[in-house]
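Close look at the chain arrangement
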Amino acid sequence: MSRYVLRRIGLALITLLLLSMLVFIGTQLLPGDVARRVLGPFATAEAVEALNARLGTDRPLVVQYVDWVGSALQGDLGQSITFSRPVTELLGRALVNSAKLATVAFVIVVPLALAGGVVAALRRGKLTDRIITVGGLSATVIPEFVSGIVLIIVFAIILDWFPSTATPPEGAGFLTQVHSLILPAIPLVLVLFGYIARITRAGVIEAIDADYTRTAILKGLPRGRVIRRDVLRNALLPTIAVIASQVGYLIGGLVVVEVLFSYQGIGRLIFDASQKKDFPLLAGGVLVIGVAFQVSMLLADLAYSWLNPRIRVGAKS
Amino acid sequence: MTVPTTSRVQRWHVIRRSPTFWVGAAITLVWVLSAIFGDLLTPYDPLGTPQDVLNRLQPPSAANWFGTDELGRDVLSRVIVGARQVLTVSLAATVIGTILGTALGLVVGYYGGLVDDIIGRILDAFLSIPLVITAMLALAALGPNTFGVILVIGLVFTPLIAKTVRAAVLAERQLDYVTAAQLLKESSFYILFVEIFPNVTNVIIVEFTVRLGYAIFTVLALSFLGFGLEPSIPDWGLAISQHYQYLTGNIWWPVLFPALAIASLVVGINLVADGIAQAFEN
């Protein structure tokens, strides 16, 4: 088990190193002259030179990269050009906001999608199954801003049940915050629903078709008990770990949802940074997202191997 | 050569009896036709005329079924022609990704070893960032343009498609016909592209349709975020981002109709992709 964990962590570190190179190439190499990109074609040569000197972009690329990664490891991602504040401070606040939104989405989608997947599997091939599968697939592929727009039109404008912006008033209580986050969470819920329900359905069907389930039924155990003890227990535990790996997709969706609902999260921050050519903020934001994704994948893998007795016991011997 | 013929018949049988596939195909066909013949179908000039400004933000009526937008242009006409931009950009990106990814997957799967490991790690790094954000990063650096969108999506798809093709090639490599060709001292190029390639086309077709769905999803999200477009070209994502500020004033038509167009197109394409995937996997 510990060898597996070490190997898995090692792979994650190599991936992060490669990721940091990709981000560096994207934000330092591709723009060419960074200061010229930021200041535009009409800035004087002296201004461009001064900004390059201030940003450190006049040094050799290898030096810049090593310096950037070194500082990042010490928790320093540099200064944002547009906000004139430390990138880590801006990212920290945005991450908290995004985490709130993501939590609301997960709390809604996980029970719903698990139930949907189980029902679809138990009614395999019947109308209920087709409705959940095709409906789930359709919900998954519709872009978040499209479902978000329809939700705003119906629930914020026509019915006026929810606010159309996600940012609650300053110092709002817990319930007010949750209330303003429900509408923006639903587009994320729709995208995740189809995926999680599909995986749950596949897991449950596999467990139903397994020999141990047949044995349990042939032994004459009641159907309800077989489903609870043999099918669900075997099917759902790994599925729950798979859900954790959905954090990556969630972050992609956050960009669009946060822009649409004008919510100050990490997605919105990266969007603003890329529009204003704030390369230090952009690089920091993308790097943080990559780290968040790798960590959640790592935790998902570890949870999966821990929850699955076959892997847990097998690795010990 | 009876084996492929039989499976082709079976596959067609599965597709033919799938109602969701036909619903998806019908929806997709409608949008493909409006992309090709859109200019003949539009009731008004989708690019608008100078006089249109007098007629801005009019609600749906007998004259303008879907109403008019902030410049007084006919929303229906722009929705019909808007299919062209998203379909061409997504298709071009997916074709680039499929060609490069297939070539890379064939080579990596056949030779294996160190190249395989390196590609695997780079792929993991790429996958740590959502596609929309990778594209935003590249477009911020290169400056927004349509060609950039095509290139970025195509290049991100390349390792993804290569991974799938590689797995298929690994399985094929073990088979007798490859060993026979190797013993005949055929060139690696010949074995890869003439012997193995025809046997992995199924995988490539499924991958292509699934990726096309993703490409459309991403292109629309990017155009909504305002990346990589010329503002004059009718575009559904851009139309929504330009008009959603008017929603609070109860002006919903320039936003709702492009949104419904997007929803129907992505659902249609993905029902087709799902039908094809089921037929090829069973």
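Reading guide: rules and limits
Residues numbered from 1 in each chain as written. Chains lettered and ligands numbered in written order. Predicted model: local features only at pLDDT ≥ 70, side-chain atom pairs only at ≥ 80, totals over all residues. Heavy atoms only, no water. Axes fitted to C-alpha atoms, helices over the stretch in contact; angles between N-to-C directions. Helix = DSSP H or I, 4+ residues; strand = E, 2+ residues; numbered from the N terminus. Parallel < 35°, antiparallel > 145°, perpendicular 65-115°, else oblique. Contact = heavy atoms within 4.5 Å. Nonpolar A, V, L, I, M, F, W, Y, C, P; charged D, E, K, R; others polar. Buried area = accessible area lost by both parts, 1.4 Å probe. Salt bridge = Lys/Arg side-chain N within 4 Å of Asp/Glu carboxyl O. Polar contact = N/O pair within 3.5 Å; in protein donor to acceptor, adjacent residues only side chain to side chain. Patch = residues over 30% accessible without salt bridge, like charges linked within 9 Å, V, L, I, M, F, W, Y side chains within 5 Å. Areas by Shrake-Rupley, 256 points an atom, 1.4 Å probe, with all protein chains shown as cover. Core = buried A, V, L, I, M, F, W, Y, C linked by side-chain atoms within 4.5 Å. Buried < 20%, exposed > 50% of the residue type's maximum accessible area, 1.4 Å probe, protein only. Phe/Tyr/Trp six-rings, centres within 6.5 Å; stacked < 30°, edge-to-face > 60°. Lys NZ or Arg CZ within 6 Å of the ring centre and 35° of its normal.

1. Considerations on the packing of helix H5 (residues 87-122) of chain A against helix H12 (residues 266-275) of chain A
The relative placement of two packed helices is expressed as an angle between their axes plus a distance between the axes. Residues and elements named next belong to chain A. One way to put it is that H5 packs onto H12 with a least axis distance of 7 Å and a crossing angle of 135 degrees. Between H5 and H12, the interaxial angle falls into the category oblique. In contact with Leu90, Leu91, Ala94, Leu95 and Ser98 of H5, H12 contributes Ile266, Gly267 and Leu269. Broken down by class, the residue content of the contact of H5 with H12 amounts to 6 nonpolar, 2 polar and no charged.

2. Focus: the interface of chain A and chain B
Across the contact, 48 residues belong to chain A and 40 residues belong to chain B. Approximately 3,900 Å² of surface area, both sides summed, lies buried where chain A meets chain B, with 78% of it carried by carbon and sulfur atoms. Taken together, the links from chain A to chain B amount to 1 salt bridge. Residue Arg198 of chain A is joined to Asp274 of chain B by a salt bridge in which the shortest nitrogen-to-oxygen separation is 3.0 Å. Counting every contact that joins chain A to chain B gives 3 residue pairs in polar contact (both at pLDDT 80 or more). Those elements giving two or more residues to the side of chain A that touches chain B turn out to be helix H1 (2-29), helix H6 (127-141), helix H7 (144-158), helix H11 (247-260), H12 and helix H13 (279-307) of chain A.

3. Structural notes on a nonpolar patch on the surface
The grouping of Leu29, Val32, Leu33, Ile36, Phe37, Leu40 and Leu41 of chain B at the surface amounts to a nonpolar patch, some 690 Å² of accessible area in total. With respect to the secondary-structure elements, Leu33 of chain B resides in helix H2 (residues 19-41).

4. Topic: the nonpolar core
Of all hydrophobic cores here, the largest spans 144 residues; its most connected members are Phe145 of chain A together with Met136, Ile196, Ile216, Leu225 and Trp236 of chain B. It is H5 of chain A that contributes the most residues to this core, 14 residues altogether. Ignoring sequence-local partners within four residues, the contact set of Ile216 of chain B consists of Val86, Leu87, Ser90, Leu265, Val266 and Ile269 of chain B. Residues Phe21, Val206, Ile276 and Ala277 of chain B belong to the second largest nonpolar core, which totals 7 residues.

5. What about the pattern of salt bridges?
One pass over the full model with this rule turns up 10 salt bridges over all chains. Linking Arg93 of chain A and Glu89 of chain A is a salt bridge whose minimum nitrogen-to-oxygen distance equals 3.2 Å. Of the two residues, Arg93 of chain A and Glu89 of chain A are both situated in helix H5; the distance of 4 residues between them amounts to about one turn of the helix. Residue Glu89 of chain A is classed as partly exposed on the basis of its relative accessible area of 33%. Taking the shortest distance from any N to any O, the salt bridge between Asp69 of chain B and Arg73 of chain B comes out at 3.0 Å. Overall, the relative accessible area of 4% leaves Asp69 of chain B in the buried class.

6. Quick word on the packing of aromatic side chains
The tally for this structure, following the rule as stated, stands at 12 aromatic pairs over all chains. Both rings, one in Phe24 of chain A and one in Trp68 of chain A, keep their centres 6.2 Å apart while their planes meet at 35 degrees; by these two values the pair is tilted. Placement of the pair is Phe24 of chain A in helix H1 and Trp68 of chain A in helix H4 (residues 61-73), with a sequence separation of 44 residues. With relative accessibility at 8%, the residue Phe24 of chain A sits in the buried group. Looking at Trp68 of chain A, the relative accessible area reads 15%, which means it is buried. Aromatic pair Tyr110 of chain B and Tyr111 of chain B: ring centres 5.3 Å apart, planes at 80 degrees, arrangement edge-to-face. Feature note: the residues Phe66, Trp252, Trp253 and Phe257 of chain B constitute an aromatic cluster, connected by ring pairs. Its guanidinium or amino end placed over the ring of Phe157 of chain B, Arg211 of chain B lies 5.6 Å from that ring's centre, counting from NZ or CZ.

What is shown is where atoms sit, not what they do.
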